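# Per-entry structural report
Residues per chain are reported as follows:
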Amino acid sequence: MYPQQIIDALRHVRYPGTGKDLVESGMLEDDIRISGFEVSFSLIFPKENDPFIKSVLKAAEVALQTYIDPNIFATIHAKFLKPAPATRHHESTIRAKHIIAIHSGKGGVGKSTVAANLAVSLAKRGNAVGLLDADIHGPSMPKMFHTEDCRPVSIEVNGRDLIEPIEQYGVKMLSIGFFVDPSNAVVWRGGLASNAIKQLIEDANWGELDYFLIDLPPGTSDIHLTLVSALQLTGAIVVTTPQPVALVDARKGVDMFRNEKINVPVLGIIENMAWFTPAELPNNRYYIFGQDGGKRLAEELKVPLLGQIPLVQSVREAGDNGEPIALQDGHPAAVIFDQICQQLQS
């Protein structure tokens, strides 16, 4: 192993404050030391209370293990151009009337599409809405909100440097996708991922919100436990398709939130891809994944069925184009999302 390998690996880590990689940002100190698989070097941050320090240091370590060798043990020192101001009392930056987790037992059921459209629908109803993309390994909100080229900046609020969320369509949003190279997989262990999510909650300028939605990763993991311990959740929404294999995992999701150690109310189930309606035959319904599976599960588990979303090509196209279908007044799917939001507000 030699210094240039370390430099090349660190080019894969972006510093959010500049939008450039660590090397291009001039943050890598000329003090690289190598002894077998042990590596040490320093990264220079603008100031001691930089809100990106923890996430950048962890991402740098992961980059070395990913692009050079998984057995590398890295000691990375943080140096600063400016000292931190006097320590102030730390308070949570989440001030929301309702904090709702959007969950799915498995991937591919359209959880993120549902989360994006619910956020937009709530904002259209005049609510102050925040959206956290907590799906570490598959962050999709930057694309769904057409903000892939946006880079969060740090601002000072009451003496604290906080990450300023990106705002689009009336929704304040943060995603791990803003901080990593979109062409590279996010290979993070559970603890690292959980700490990154916790920082996006505690060290961000969310302001006063009516609704704070969290797009959770599918399944159950450390991230779910971290969020439950860090936030007082109002409730959770479970997204599924009518397909039996998806319903099995949706059932587990409901059980997870009802577990006495988590004890989060399940606000309801949303059945996505409930039927296929071709654009040229808007009155026809084809039950590709089965019929009313989510509805029956909701009845069995005694939770509300919040809505059934059809599988429509325009919904997929809208998400891929970065303009959630909820923006289109009068579209059948937009009407359903608005009806779901009406239930949440009632």
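Going by the structure above, here's the rest.
Note that the structure is a prediction, hence the values are computed from the model and not measured.

What follows concerns the nonpolar core. Residues Leu-118, Leu-132 and Ile-214 are the most contacted members of the largest nonpolar core, which totals 101 residues. Filtering out sequence-adjacent residues up to four positions away, Leu-132 remains in contact with Leu-174, Ile-197, Leu-200, Ile-201, Trp-206, Phe-212, Leu-213, Ile-214 and Asp-215.

Looking now at the layout of surface pockets. To find the voids left in a structure, one rolls a probe of water-molecule size over its atoms. Considered as a void within the structure, the second largest pocket measures approximately 440 Å³ in volume. What lines the second largest pocket is a set of 27 residues, and nearest its centre among them are Gly-110, Lys-111, Thr-113, Met-144 and Met-273. Mapped onto the lining of the second largest pocket, the elements with two or more residues apiece are helix 3 (111-124), helix 4 (141-144), strand 14 (266-276), strand 15 (305-311) and helix 9 (313-320). A per-class count over the lining of the second largest pocket returns 11 nonpolar, 10 polar and 6 charged.

Here strand 6 (residues 95-104) pairs with strand 12 (residues 208-215) via 7 bridges, running parallel. When the sheet's bridge partners are listed, Ile-99 is paired in strand 12 with Phe-212. As paired elements, strand 6 and strand 13 (residues 235-240) share 5 bridges and run parallel to each other. Looking at the pairing, Ile-100 lines up with Gly-235 of strand 13.

Rules and cut-offs
- Residues numbered from 1 in each chain as written.
- Predicted model: local features only at pLDDT ≥ 70, side-chain atom pairs only at ≥ 80, totals over all residues.
- Heavy atoms only, no water.
- Core = buried A, V, L, I, M, F, W, Y, C linked by side-chain atoms within 4.5 Å.
- Buried < 20%, exposed > 50% of the residue type's maximum accessible area, 1.4 Å probe, protein only.
- Contact = heavy atoms within 4.5 Å.
- 1 Å grid on protein atoms, 1.4 Å probe; cavity = no way out; pocket = protein on both sides within 12 Å on 5 of 7 lines; lining within 4 Å.
- Points joined across faces, edges and corners; volume = space filled by probe spheres on them.
- Helix = DSSP H or I, 4+ residues; strand = E, 2+ residues; numbered from the N terminus.
- Nonpolar A, V, L, I, M, F, W, Y, C, P; charged D, E, K, R; others polar.
- Pairing = 2+ DSSP bridges.

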